[in-house]
Amino acid sequence: MLNFLFIAVGLTLLIFGGNWLLKSAVAFSLRLNIPRIIIGMTIVSFATSAPELIVSINAAMEGFPDLAMGNVIGSNIANLGLVLPIVLLFGQIDVRKAFYITDWPVMMAASLLFFGFVYFDGILQRYEGVIMLLFLFLFLIFLLRFQKTAVVEDVLEDDEPLPLYKALLFLGMGGAALWGGSELLIRGAVGLATFYEVSERIIGITVVSVGTSIPELAASLIAIIKKEKSISVGNLIGSNIFNLLAVLGITSMITPIYVIDQGLLTSDIWWMLGVSFIILPLVFFPKGLRLGWRDGIILIALYTLFLYFTLF
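Residues numbered from 1 in each chain as written. Predicted model: local features only at pLDDT ≥ 70, side-chain atom pairs only at ≥ 80, totals over all residues. Heavy atoms only, no water.

**Concerning the overall build of the protein chain**
The number of helices and strands found in the protein chain is eleven helices and four strands. In terms of C-alpha radius of gyration, the protein chain reaches 18 Å, essentially the compact-globule figure of 20 Å for 312 residues. Dimensions of the protein chain along its principal axes, counting C-alpha atoms only, are 50 × 40 × 40 Å. In the protein chain, of all internal contacts separated by at least 6 residues, the share reaching a separation of at least 24 is 86%. Treating the 17 positive side-chain charges of the protein chain as one cloud and the 21 negative ones as another, the clouds have centres 11 Å apart. (Helix = DSSP H or I, 4+ residues; strand = E, 2+ residues; numbered from the N terminus. Rg over C-alpha atoms; globule rule 2.2 N^0.38 Å. Contact = heavy atoms within 4.5 Å. Lys, Arg positive; Asp, Glu negative; His and termini not counted. Charge placed at Lys NZ, Arg CZ, Asp CG, Glu CD.)

Pasting the structure below:
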């Protein structure tokens, strides 16, 4: 019964946290005159990826490396295979050139960099974590200096800059609520999963990863409902980049991450690469430079297949 209470309270905190974080993101974009997709790919994506960071560091430090790595791989799959399709049910997203010139390629490059580091020797070393963080730092510099708006934004008449203290307050409250909500949700979900004696890798790649993706879902849904489409897309792409380069980068710098269950390398990592890759052709076909509900159905079908082959 306590596990169900943790899940209910966690979901409530995540909904409120997503709303507060969105208000802060919009406020910063208006005050600084920065395209909202950049805010979505930095502030929002970093805050919503905090649960992955905390969970992965704790798991690796406590001797559960498969949970740390499975959490990140599963979260990246869930962000694009579960969260994005749900967002697309609420409205079509039109994208611009910068999406496939910069944002998607960087996400794929981060995925391939991680793949190259871990696939052949089954370990993510400290120096590899340093390289991943350096890559993220260079990407952020480029993003803030040169990036153009990658998603067609709706102009909202009620967009008014908030006072700085309010924007910071919403940022802090949103980040704290998302973090706390995720912690409660994970505690409840893992409590239920361990009751049925599910393996560490399966817990990480499914239950924990979906739990830590709930912040992205909450923030993205609220963004799309309020017609902040660029924040929604930027948040998901930015979260995937941050999960790989920062979460695994920082975690591996603290302690090297070893792969114990080979299913992470023979199956899960390939699903992550496949779901990440397919976003680009979906953007171009059938009508070009947009994502709609049909694309969402394809992605959710892929995620369902992933769960089927993982669990059965």
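After that view of the structure, there is still more to cover.
**Here we look at helix H5 (residues 97-119)**
Its 23 residues give H5 an end-to-end C-alpha distance of 32 Å, which sits within 8% of 33 Å, the value for a rise of 1.5 Å per residue. Pro-105 marks where H5 bends most, by close to 30°. (Expected span 1.5 Å × (residues − 1). Bend = angle between axes of the 7 residues up to and from the residue.)

**Here we look at a nonpolar patch on the surface**
A surface patch of nonpolar side chains, about 630 Å² in accessible area, is lined by Leu-89, Phe-90, Ile-225, Trp-293, Ile-297 and Ile-300. Among the structural elements, Ile-300 can be located in helix H11 (residues 293-311). (Patch = residues over 30% accessible without salt bridge, like charges linked within 9 Å, V, L, I, M, F, W, Y side chains within 5 Å. Areas by Shrake-Rupley, 256 points an atom, 1.4 Å probe, with all protein chains shown as cover. Salt bridge = Lys/Arg side-chain N within 4 Å of Asp/Glu carboxyl O.)

**Focus on the nonpolar core**
The biggest cluster of nonpolar side chains holds 67 residues, and the ones touching the most others in it are Ile-73 and Phe-114. The element contributing the most residues to this core is helix H10 (residues 263-284), with eleven residues. Here Phe-114 is in contact with Met-69, Ile-73, Leu-124, Met-132, Leu-244, Leu-248, Ile-269 and Met-272, once residues within four sequence places are set aside. Ranked by size, the runner-up nonpolar core spans nine residues in total, among them Val-55, Ala-59, Ala-68 and Val-208. (Core = buried A, V, L, I, M, F, W, Y, C linked by side-chain atoms within 4.5 Å. Buried < 20%, exposed > 50% of the residue type's maximum accessible area, 1.4 Å probe, protein only.)

**Side note on the environment of Ile-205**
Within the fold, Ile-205 resides in helix H8 (residues 200-225). Measuring from C-alpha to C-alpha, the distance between Ile-205 and Ile-279 comes to 20 Å, with 74 residues separating the pair along the chain. What Ile-205 contacts, discounting residues up to four positions off in sequence, is Gly-70, Ile-73, Gly-74, Leu-264, Asp-268, Phe-306 and Thr-310.

**A look at the confidence of the model for the protein chain**
Across the protein chain, the average pLDDT comes to 84, with 90% of residues at or above 70. When mean pLDDT is taken per element in the protein chain, strand E2 (residues 123-124) scores highest with 96 and helix H2 (residues 36-48) scores lowest with 68. Note that residues 154-158 has pLDDT below 50 and, in this model, six contacts with residues that lie over four places away or in other chains. (pLDDT = per-residue confidence, 0-100.)

**Considering the packing of aromatic side chains**
Summed over all chains, the structure comprises 13 aromatic pairs. Over the aromatic face of Phe-6 sits the side chain of Arg-187, whose NZ or CZ is 5.4 Å from the ring centroid. (Phe/Tyr/Trp six-rings, centres within 6.5 Å; stacked < 30°, edge-to-face > 60°. Lys NZ or Arg CZ within 6 Å of the ring centre and 35° of its normal.)

**Quick look at the side chain of Ser-111**
By the element assignment, Ser-111 lies in helix H5. The exposure class of Ser-111 is buried, given its relative accessible area of 1%.

**Quick notes on the packing of helix H3 (residues 50-61) against helix H4 (residues 65-88)**
For the pair H3 and H4, interaxial distance at closest approach is 6 Å and the crossing angle is 160°. When the axis of H3 is compared with that of H4, the two are roughly antiparallel. The way H3 lies across H4 gives a crossing that is left-handed. Here Glu-52, Val-55, Ser-56, Ala-59 and Ala-60 of H3 lie close against H4, whose contacting residues are Pro-65, Leu-67, Ala-68, Asn-71, Val-72 and Ser-75. By residue class, the composition of the contact of H3 with H4 is seven nonpolar, three polar and one charged. (Axes fitted to C-alpha atoms, helices over the stretch in contact; angles between N-to-C directions. Parallel < 35°, antiparallel > 145°, perpendicular 65-115°, else oblique. Left-handed = near helix turned anticlockwise from the far one by under 90°. Nonpolar A, V, L, I, M, F, W, Y, C, P; charged D, E, K, R; others polar.)

**What about the pattern of salt bridges?**
Counting across every chain of the model gives two salt bridges. Ionic pairing is found between Arg-201 and Asp-261, a salt bridge with its closest N-O pair at 4.0 Å. Here Arg-201, found in helix H8, pairs with Asp-261, found in the loop between strand E3 (257-258) and H10; they are 60 residues apart in sequence, far enough to count as distant. By relative accessible area, Asp-261 is classed as partly exposed at 25%. The partner of Arg-201 in a salt bridge is Asp-268, with the nearest N and O atoms 2.8 Å apart.

**So, the environment of Arg-31**
With respect to the helices, strands and loops of the structure, Arg-31 is situated in helix H1 (residues 2-32). When the C-alpha atoms of Arg-31 and Asp-94 are compared, they prove to be 25 Å apart, with 63 residues separating the residues in sequence.

**With respect to the environment of Tyr-308**
Checked against the element boundaries, Tyr-308 lands in helix H11. Residue Tyr-308 is classed as partly exposed on the basis of its relative accessible area of 48%. Tyr-308 sits 40 residues away from Asp-268 along the chain, and the two C-alpha atoms are 12 Å apart.

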